[in-house]
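So the chains spell out like this:
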Amino acid sequence: MQTDQAPIRGVAPKIGIVSLGCPKALVDSERIITRLRAEGYEISPDYKGANLVLVNTCGFLDSARDESLDAIGEALEENGRVIVTGCLGAEPEVIEAQYDKVLAISGPAQYEQVMESVHKHCPPPSGAFQSLVPESGIRLTPRHYAYLKISEGCSNRCTFCIIPALRGDLASRPIDRVLREAEQLQAAGVNELLVISQDTSAYGMDIKYEPRTWKDKEYETRFQDLCEGLGDMGMWTRLHYVYPYPHVDKIIPLMAEGKILPYIDIPFQHASPNVLRNMKRPAKQDKVLERIQQWRRDVPDIAIRSTFIVGFPGETDDDFETLMDFMREAKIDRAGCFKYEDVKGAVSHDLPDHVPEEVKEERWHRFMQLQQEISHERSEAQIGRVLDVIIDDSNGESAVGRTKADAPEIDGLVHLENYPDLEAGDIVKAEITDADCYDLWAKVPGSDS
């Protein structure tokens, strides 16, 4: 174990970063790295070259907590000087019980505490270097897309979720600051924005939709105004973590006009009224099917992504069949499914009638098989169509990209062969020639391939 990693005079100190968890945590890591670079620190690509290591943790599920604890242990073993932040940092006693040699612990989005700890254990070089940091900040995503976090925390009280305990209640960023950041990202070469928060459609509720002025126009800090402002910038704008409140319907016309991508990520979680009631899910679930059908009438190409939980306490066979019937009728385009995890600290931990693990497993497999069939049907329907594709990677011979229906990291890919002139961030029209359950194959019309 390396224990003496003090910076050498005249040499910029190096900080190692381990970033775990969701895109919201990734944005936190980007902001910390931006601060570090502005103060003259360098970012180390490995443990060996770092003066200390910062581990940004996740604590949403027990499996994520275990992964975070393992990462802390590995950083201590490989480097010896570790600062911990992020969601698991909101429970310092959990970390300290296993690792009493970490240098400091802070919770999610506590940037000032993180920097104070870094300064204490690895002082910055004399003189800052803000002029060397791009206005859009340092990002961990490819140059052509970026996550735009519009708020922190969540004011919902879903019984399976401990996010409010870790990140606090909803705290929305004023809309002019969000739009300014989006403009800076666009100037830095971003072609696709991924709007994220814990509850995107609740944006602005906590500050009573405070009006702000941006470029001589007044916007209210609310979901619809944000989408209108972002839509006017001309980038691909993709909406994630949108709860199905009635006012979400007002965004559909922006998709029909091409201002917002025809893609919406709505975490329905279930379809059985009994399970939803036990989950204490926000927003009314009645008439969801009718709304989905209306969205598809208004925007035929809309792609709906969602996540679901099977095996929630009290979920009966009938409840599960209700969910399966919903999936068959709604034909959710992109769906993830989780087996319920009995997270310590969640209200659902104390609910009666927990579902046996083998039943959860069987239901999960049935759900995923059905979703695979739905996804395959949708993919095959794209064959012969010409779609816009944003290129994520190109090696000079082939390229990989995504359609408007696919978010990075979680959805499908488009494979293009023999296109040496494509670069990451290019948006091209491609004819779909083949498909499987998740991915598409395509050619650029008029090419020789």
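The structure contained in this document is the topic of the report that follows. Everything numeric here is computed off the predicted structure, so don't read it as measured data. (Residues numbered from 1 in each chain as written. Predicted model: local features only at pLDDT ≥ 70, side-chain atom pairs only at ≥ 80, totals over all residues. Heavy atoms only, no water.)

1. Some words on the pattern of salt bridges
At step 1: According to the stated counting rule, one finds 34 salt bridges in the structure shown.
At step 2: Two residues, arginine 65 and aspartate 62, come together in a salt bridge whose shortest N-O distance is 3.8 Å. Taken together, the residues span about one helical turn, with arginine 65 and aspartate 62 both in helix H2 (residues 62–78) at a distance of 3 residues.
At step 3: With relative accessibility at 18%, the residue aspartate 62 sits in the buried group.
At step 4: Residue arginine 385 is joined to aspartate 301 by a salt bridge in which the shortest nitrogen-to-oxygen separation is 3.1 Å. With arginine 385 in the loop between helix H12 (357–380) and strand S16 (386–394) and aspartate 301 in the loop between helix H10 (288–298) and strand S14 (303–310), this residue pair connects regions lying 84 residues apart in the sequence.
At step 5: By relative accessible area, arginine 385 is classed as partly exposed at 31%.
At step 6: On the basis of relative accessible area, aspartate 301 is assigned to the partly exposed category, the value being 40%.
At step 7: Among the ionic contacts, a cluster of salt bridges with common partners joins Asp28, Arg31, Lys149, Glu152 and Arg167. (Salt bridge = Lys/Arg side-chain N within 4 Å of Asp/Glu carboxyl O. Helix = DSSP H or I, 4+ residues; strand = E, 2+ residues; numbered from the N terminus. Buried < 20%, exposed > 50% of the residue type's maximum accessible area, 1.4 Å probe, protein only.)

2. Focus on helix H4 (residues 111–121)
At step 1: Turning to H4, its buried residues number three or more, namely Tyr111, Val114, Met115, Ser117, Val118 and His121. Around the axis of H4, the buried residues are gathered within 160° of arc, so they sit on the same side. For H4, exposure combined with an orientation more than 90 degrees from the buried face picks out Glu116 and Lys120. (Arc of directions from axis to C-beta.)

3. A look at the packing of H10 against helix H11 (residues 317–330)
At step 1: Orientation of H10 relative to H11, taken along the N-to-C sense of each, is 15°, at an axis distance of 11 Å. The angle between H10 and H11 places the two elements in the roughly parallel class. Helix-helix and strand crossings are classified by hand; for H10 and H11 the assignment is right-handed. Contacts between H10 and H11 involve Val288, Leu289, Ile292, Gln293 and Arg296 from the former and Phe326, Glu329 and Ala330 from the latter.
At step 2: For the contact of H10 with H11, a count of residues per class yields 5 nonpolar, 1 polar and 2 charged. (Axes fitted to C-alpha atoms, helices over the stretch in contact; angles between N-to-C directions. Parallel < 35°, antiparallel > 145°, perpendicular 65-115°, else oblique. Left-handed = near helix turned anticlockwise from the far one by under 90°. Contact = heavy atoms within 4.5 Å. Nonpolar A, V, L, I, M, F, W, Y, C, P; charged D, E, K, R; others polar.)

4. Some details on the side chain of asparagine 79
At step 1: With respect to the secondary-structure elements, asparagine 79 resides in the loop between H2 and strand S4 (82–86).
At step 2: Take asparagine 79: its relative accessible area is 0%, and that puts it in the buried class.
At step 3: Here the side chain of asparagine 79 touches alanine 50 through a polar contact of 3.0 Å, landing on its backbone oxygen. (Polar contact = N/O pair within 3.5 Å; in protein donor to acceptor, adjacent residues only side chain to side chain.)

5. Let's talk about the sheet that holds strand S17 (residues 398–402)
At step 1: Ordered in space as S16-S17-S18-S20-S19, the 5 strands form a closed barrel in which the pairing is mixed. Strand-to-strand twist across the sheet, computed as the mean angle between neighbouring axes with direction ignored, equals 50°.
At step 2: In this structure, S16 lies alongside S17, joined through 4 bridges in antiparallel fashion. Pairing of isoleucine 391 across the sheet is with glycine 401, part of S17. (Pairing = 2+ DSSP bridges.)

6. Here's the deal with the sheet that holds S4
At step 1: In space, the 5 strands of this open sheet follow the order S2-S1-S3-S4-S5, with parallel pairing throughout. Two strands lie at the open edges of the sheet, namely strand S2 (42–44) and strand S5 (104–105), each paired on one side alone.
At step 2: Against the sheet, helix H1 (residues 23–38) touches strand S1 (14–19), S2, strand S3 (52–57) and S4, its axis set at about 175° to S1.
At step 3: Where H2 meets the sheet, its contacts fall on S1, S3 and S4, and the angle it forms with S3 comes to roughly 180°.

7. A look at the packing of aromatic side chains
The geometry of two aromatic rings is summed up by the distance between their centres and the angle between their planes.
At step 1: In total, this model carries 7 aromatic pairs according to the counting rule given.
At step 2: Between phenylalanine 268 and phenylalanine 326 the ring centres are 5.9 Å apart and the planes differ by 75°, which places this aromatic pair in the edge-to-face class. Of this pair, phenylalanine 268 sits in the loop between strand S13 (263–265) and helix H9 (273–279) while phenylalanine 326 sits in helix H11, placing them 58 residues apart in sequence.
At step 3: The ring centre of tyrosine 209 lies 3.9 Å from the NZ or CZ of arginine 222, which sits over that ring.
At step 4: Over the aromatic face of tyrosine 145 sits the side chain of arginine 402, whose NZ or CZ is 5.5 Å from the ring centroid. (Phe/Tyr/Trp six-rings, centres within 6.5 Å; stacked < 30°, edge-to-face > 60°. Lys NZ or Arg CZ within 6 Å of the ring centre and 35° of its normal.)

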